[in-house]
Amino acid sequence: MVQQVLVAPDKFKGSLTAAEVAARVSAGLGVPTVELPVADGGDGTVDAAVAGGFSRVTIEVTGPTGERISASYAWQDSGATAVVELAEASGLRRLPGGHEPLTATSHGTGELIADAVRRGAKRVVLGLGGSACTDGGAGMAQALGARLLDADGEDLPRGGAALKGLARIDLSGFVDVSGVEFVVASDVDNPLLGPHGAAAVYGPQKGATPDDVRTLEAGLARLAAVATATHGLMGAVEHDDTPRAMGVAGAPGAGAAGGVGFAALAFLHAEIRPGIGYLLDLLGFGELVKDARLVITGEGSLDEQSLRGKAPVGVARAAAGAGVPVVAVCGRRTLTDDELRAAGIEAAYALTDLEPDPERCMAEAGPLLERLAARLAAVHLQGD
């Protein structure tokens, strides 16, 4: 079999989707390619799954501020697998105006999951990233039939701030998920509470002030404490008004997506798996790379964040297992050659190598990427 070039990039955020990056790279190479857009569980995960052969299911759900929006998940009949991306329904990009850190909800993500379960899903892969909310997954749980009640037995309003008033969680109407495997695809290892928790670390990125962070922390601590007291979860108790991040609340990844990781662990009994590694398996990367002589990966910015489980490094690790070399394309790079090689990437080509103006790089990313791919081919595909 003639060996192909496997083009497996993530998106260039703000410029090109992963599928568009793959198409532009392929056009510039001038050799046979196989395109496999990838994602690490954040924005673009559903698009990557659809490009990999899943079908798209679009329904109307609740956006992070309560408005009704159209959102999608990916569906595969074989295996009855759904890929749900939190950013689709509850992401920052869904905010119509400014940030709403105290009231933003994950309700729409729960509606996507509920639809997949009604469709007959046996496995639901939940990609966490780019969330607008810090509600501990309370909204997601409510959409799946949980009732979060105050001391008077009234349902709590949406958002993380309201959780301070939580007195009881009623799961009697919770959707039956007993036959469904839930996998959280995320590389975030933060616990729910404390200085490394969802509110302290990610709240400010969503517009939370220091006072807001304290309010959200108190709400998340209350959610964990009530869940512990009423549903047999380990740890996460309050003592002398101090939250103790133990058990489920202290598990790595419980703080992902504003605490949605906690709700997935607590109420869906999900397993947390490394985002890019799991999704590469799901998309069939392991089979495709066997017939490849070169893998081209990439993302908008190759920087220190890339080394913490982002798509290009995940692709490089997976390709290394098959003994296939990897090069990368990107909008810009701050990693040194030594750092790249240590991550398994032989070389990286940046749009800023061709056009130093970042704004022009963003606006003209497609044509520049084709030129960059041609330069890459002249070095790594000589003789073709």
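As the structure is a prediction and not an experimental result, all values here were calculated from the model.

### Focus: the sheet that holds strand β12 (residues 271-273)
Then comes step 1: Read across the sheet, six strands follow the order β3-β4-β5-β6-β9-β12 without closing on themselves; strand pairing throughout is mixed. Sheet topology places β3 (55-62) and β12 at the edges, where each strand pairs with a single neighbour. Between one strand and the next, the sheet's axes are offset by a mean angle of 30°, whatever the strand orientation.
Then comes step 2: In terms of strand pairing, strand β6 (residues 123-127) meets strand β9 (residues 181-185) through five bridges, oriented parallel. Following the sheet pairing, Leu126 is matched in β9 by Val184.
Then comes step 3: Running at roughly 140° to β6, helix α10 (residues 275-283) makes contact with β5 (81-85), β6, β9 and β12 of the sheet.

### Section: the packing of aromatic side chains
Then comes step 1: This model, assessed by the stated rule, comprises zero aromatic pairs.
Then comes step 2: Its guanidinium or amino end placed over the ring of Trp75, Arg119 lies 5.8 Å from that ring's centre, counting from NZ or CZ.

### Comments concerning helix α4 (residues 107-118)
Then comes step 1: For α4, which comprises twelve residues, the first-to-last C-alpha distance of 17 Å matches the rise-based estimate of 16 Å (1.5 Å per residue) to within 8%.
Then comes step 2: Of the positions making up α4, those classed as buried are Gly108, Thr109, Gly110, Glu111, Leu112, Ile113, Ala114, Asp115, Ala116 and Val117.
Then comes step 3: Following α4 by one or two positions, Gly120 has its phi on the positive side, about 105°.

### Concerning the nonpolar core
Then comes step 1: In this structure, Ile113, Met140, Phe182 and Phe262 are the most contacted members of the largest nonpolar core, which totals 63 residues.
Then comes step 2: When residues of this core are assigned to their parent elements, the largest contribution, ten residues, is made by helix α9 (residues 256-268).
Then comes step 3: Ignoring anything within four residues of it in the chain, the contact list for Phe182 reads Ile113, Val117, Val124, Val177, Leu268, Ala270 and Glu271.
Then comes step 4: Membership of the second largest hydrophobic core comes to 36 residues, among which are Leu6, Val38, Val125 and Leu283.

### Description of the environment of Thr334
Then comes step 1: You can see Thr334 is positioned in the loop between β14 (326-333) and α13 (337-342).
Then comes step 2: The class of Thr334 is partly exposed, set by a relative accessible area of 46%.
Then comes step 3: Along the primary structure Thr334 and Ser301 are separated by 33 residues, whereas in three dimensions their C-alpha atoms are 7.9 Å apart.
Then comes step 4: If sequence neighbours within four positions are ignored, Thr334 has contacts with Leu302, Asp303, Glu304 and Glu339.

### Re unusual backbone geometry
Then comes step 1: Here Ala80, not a glycine, exhibits a phi torsion of approximately 45°, which is positive.
Then comes step 2: Following the sequence through the fold, Ala80 ends up in the loop between β4 (68-76) and β5.
Then comes step 3: Positive phi is not limited to glycine here, since His269 has a value of about 55°.
Then comes step 4: Counting through the fold element by element, His269 comes out in the loop between α9 and β12.

### Describing the side chain of Glu217
Then comes step 1: Turning to its location among the elements, Glu217 is positioned in helix α7 (residues 210-231).
Then comes step 2: Of the polar contacts made by the side chain of Glu217, one reaches the backbone nitrogen of Gly194; its length is 2.8 Å.

### Here we look at the confidence of the model for the protein chain
Then comes step 1: Residues at a pLDDT of 70 or more form 94% of the protein chain, whose mean pLDDT is 91.
Then comes step 2: Low confidence marks residues 234-245, where pLDDT is under 50. Its contacts with residues over four positions away, or in another chain, come to 26 contacts.

### Thoughts on the sheet that holds strand β13 (residues 292-302)
Backbone hydrogen bonds hold the strands of a sheet together, and the pairing may be parallel or antiparallel.
Then comes step 1: With parallel pairing, the five strands of this open sheet are ordered in space as β2-β1-β13-β14-β15. Where the open sheet ends on each side, the last strands, each with one partner, are β2 (33-35) and β15 (347-350). Adjacent strand axes in the sheet meet at a mean angle of 25° when their direction is disregarded.
Then comes step 2: Bridge count between strand β1 (residues 4-7) and β2: three bridges; the pairing is parallel. Looking across to β2, one finds that Val7 is bridged to Glu35.
Then comes step 3: Helix α15 (residues 365-380) rests against β13, β14 and β15 of the sheet, and its axis sits at about 150° to β15.

Reading the values: rules and limits
- Residues numbered from 1 in each chain as written.
- Predicted model: local features only at pLDDT ≥ 70, side-chain atom pairs only at ≥ 80, totals over all residues.
- Heavy atoms only, no water.
- Pairing = 2+ DSSP bridges.
- Helix = DSSP H or I, 4+ residues; strand = E, 2+ residues; numbered from the N terminus.
- Axes fitted to C-alpha atoms, helices over the stretch in contact; angles between N-to-C directions.
- Contact = heavy atoms within 4.5 Å.
- Phe/Tyr/Trp six-rings, centres within 6.5 Å; stacked < 30°, edge-to-face > 60°.
- Lys NZ or Arg CZ within 6 Å of the ring centre and 35° of its normal.
- Expected span 1.5 Å × (residues − 1).
- Buried < 20%, exposed > 50% of the residue type's maximum accessible area, 1.4 Å probe, protein only.
- Core = buried A, V, L, I, M, F, W, Y, C linked by side-chain atoms within 4.5 Å.
- Polar contact = N/O pair within 3.5 Å; in protein donor to acceptor, adjacent residues only side chain to side chain.
- pLDDT = per-residue confidence, 0-100.

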